[in-house]
Amino acid sequence: MVYRLKVTIRSGAYLGRNKVERVLEVPGIRTLEDLCISILNSVEFDFDHLYEFNIRGRRYEGQPYGGGTQIRTKLYSLKLKKGETFALWYDFGDDWIFSIYVEDVLNETGDGIHVLSRKGTVEQYPDYDESGGEEEEDFEEWGGNYFDLSGMDPDGIAAAAAEMENGSLFSRPEDSYDYTPPDALYEASFRYKKTKLWKKISGQEPFAIRFTDGTEGTVVIMGQAGDHCAVAVYPGENAFYSYFQIATEPSSHVWYLENERIMMQDCLQLVFDNKEYLFEKELEAAKSYAQRNKIRFSGKNAFPHFVRYFPARFPWHPQDEAEERLLLEAVEAATALSSVMGTKKPWELGFTEITPFTTQIPLMVREDDRWILSGMQALPKNKSRKPVRAVPAPDAGKLKQVKKRRAKGTLEARIIMVSSPILDKDGGAPFFSFLLMGVDREKRLVLPPHLVRDLQKEADLIADHLLEQMILMNWRPAEILAEDERTFAFLAPLAKGIGAKLSIEDELEVLDDVLDGFLKNMGGMPGAMDIEDDLYGEGMGDSTEEAMLILDAILGMPDSRARAMPMDLKEMVRDMLEMGFVPPETAARVKRKLKLR
């Protein structure tokens, strides 16, 4: 079926008296996320804010950087009826409200979204001066022991912090990626894809596997939502915990926290993707296999690649033949499972949606050179176990120095994983660093963060650094507010040592503003990492050659990543295009890619 929808902007920060309407035809197989993107494209809005659909009183929340399952809901599953109206609330600051009226439900097929008519226009970001006409002061580089937020741009603070922590270490993972998968993995992948098992089982219905070496693991079939077609295998009990937490804990609406959740997985995956999501080396290997075996790639998610997730590491490749064998056996078991199921429903074979109360799941074993279902496998009793973190005792001498100060003010704090990969000089997958971000709430001072590679092993370095900054600032906070349980546990000995009251608050407004700016400039925002160093670095200057390399990098991005680029980077690109040295054809392509007017 196809829905004909009349979309009207009812209100928004800069709507004024503008009358804006669009009529779209959207197939029922498309998702709410697809609908949101299509509506925003039709009015030439950037897809760079949180949003929410309200349908019959139920909320479906989404964010521009992915994450969550609500927005992957297919339209047909909502059973929308002719004459029905629902709403889209986009950008919770500027509050754009779209009213969506179902004009008709057509008995047609197809997957393309079409804009049938357009009436009226409105600017999402009109040119205006918030400062009352005064020019904004340029940010001066950090030259002391803390940052003063009262008169500075948090993005500038973040850039200085990144420079202080040697931002040149942040790496382009593809530069060190070197892996050629064995043909057996490709062969098994194409056999599995023909089964379309993901249409029968969801990612919430795992099965256990007993590998041929006698060890066990958990296999998850992904792809029912239509956006990530994969077979994931979590080998061993510890790896299972990383899956269980993702499957049962609610997704975070904060993009960098959701990213950390995903990057703490311990699993191997066969992923089918579009070619732009593969490293050049991966793409070359896939094309080589296809050429040798006369295979033609076609359609969406046509290219297989093989991924190894390590906790706090950039998604990489299998490390040895043993890991390749585990992934191969998991894919073979999944292929066999499709035949075993036949026309049976998953629940008839014991499959169930994973919850904290699930006690067992189906087990696949290999007997007589074939994979079979062999009863049920009990799950670990303590399924939600999390790694124990050793909390270091703070340096007694530094505690004594801080305690001499009079207690005043509040420290807001959170430990985070920085989403920019750093090249591992010892080889292996690039790693993600951790830091503790602290802010003096009253004075709006940001304590310079200190990056560490291993949060547990180097926690004492973070604690010492925090105390050193307090000494340099001549400050002892009377209260410390942690934004989560991990930070609370980490700071408990320090807070006790300096006599500060410690508590948890779910939302810390000043700290959250700083973190958004800091992580964007550290390359943590999707879409920013590839070009940010060039845009902010000293080497750009007036070099036409370097500017063209930046534009080439943008044109090579997937559309979703280009759309998610921060507005300040888009404006810098616009300035480059207006310098006159960019060929008109290239400038036009870049503008279309970034939706610059």
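The structure reproduced in this document is the subject of the present report. (Residues numbered from 1 in each chain as written. Predicted model: local features only at pLDDT ≥ 70, side-chain atom pairs only at ≥ 80, totals over all residues. Heavy atoms only, no water.)

Looking now at the packing of aromatic side chains. Scanning the entire structure with this criterion turns up 23 aromatic pairs. With a centroid separation of 6.3 Å and an interplanar angle of 75°, the aromatic rings of Phe-45 and Phe-98 are classed as edge-to-face. Taken together, the residues Phe-45 in the loop between helix H1 (32-42) and strand S3 (51-55) and Phe-98 in strand S6 (residues 96-106) connect sequence positions 53 residues apart. Side by side, Phe-45 and Phe-98 carry an identical accessibility label, which is buried. Relative to Phe-432, the ring of Phe-314 lies with its centre 6.3 Å away and its plane at 45°, an arrangement referred to as tilted. You can see Phe-314 sitting in the loop between strand S13 (303-309) and helix H7 (321-341) and its partner Phe-432 sitting in the loop between strand S16 (410-417) and strand S17 (434-440), a full 118 residues away along the chain. One aromatic cluster is present, built from ring pairs that chain together Tyr-186, Phe-190, Tyr-289, Phe-297, Phe-303 and Phe-306. Here the basic side chain of Arg-308 rests over the ring of Phe-310, its NZ or CZ set 4.4 Å away from the ring centre. (Phe/Tyr/Trp six-rings, centres within 6.5 Å; stacked < 30°, edge-to-face > 60°. Helix = DSSP H or I, 4+ residues; strand = E, 2+ residues; numbered from the N terminus. Buried < 20%, exposed > 50% of the residue type's maximum accessible area, 1.4 Å probe, protein only. Lys NZ or Arg CZ within 6 Å of the ring centre and 35° of its normal.)

This brings us to the packing of helix H8 (residues 396-403) against helix H9 (residues 459-473). Interaxial distance between H8 and H9 falls to 9 Å at its minimum, and their mutual angle equals 30°. As summarised for this structure, H8 and H9 are arranged roughly parallel, according to the angle between their axes. Between H8 and H9 the crossing geometry is left-handed. Within the contact between the two elements, H8 uses Lys-398, Leu-399, Gln-401 and Val-402 and H9 uses Asp-464, Leu-467, Glu-468, Met-470 and Ile-471. Each residue belonging to the contact of H8 with H9 can be placed in one class, and the counts come to five nonpolar, one polar and three charged. (Axes fitted to C-alpha atoms, helices over the stretch in contact; angles between N-to-C directions. Parallel < 35°, antiparallel > 145°, perpendicular 65-115°, else oblique. Left-handed = near helix turned anticlockwise from the far one by under 90°. Contact = heavy atoms within 4.5 Å. Nonpolar A, V, L, I, M, F, W, Y, C, P; charged D, E, K, R; others polar.)

With 13 residues, helix H3 (residues 183-195) extends 19 Å from end C-alpha to end C-alpha; this agrees with the ideal 18 Å at 1.5 Å per step. Among the structural elements, strand S10 (216-222), strand S11 (229-235), strand S12 (267-273), helix H6 (280-292), S13 and H7 are those in contact with the buried residues of H3. A positive phi of about 50° marks Lys-196, the residue just after H3. (Expected span 1.5 Å × (residues − 1).)

Summed over the entire model, instances satisfying the criterion amount to 19 salt bridges. A salt bridge links Asp-183 to Arg-292, with the shortest nitrogen-to-oxygen separation between them at 3.0 Å. Of this pair, Asp-183 sits in helix H3 while Arg-292 sits in helix H6, and the two are 109 residues apart along the sequence. A relative accessible area of 30% places Asp-183 in the partly exposed class. (Salt bridge = Lys/Arg side-chain N within 4 Å of Asp/Glu carboxyl O.)

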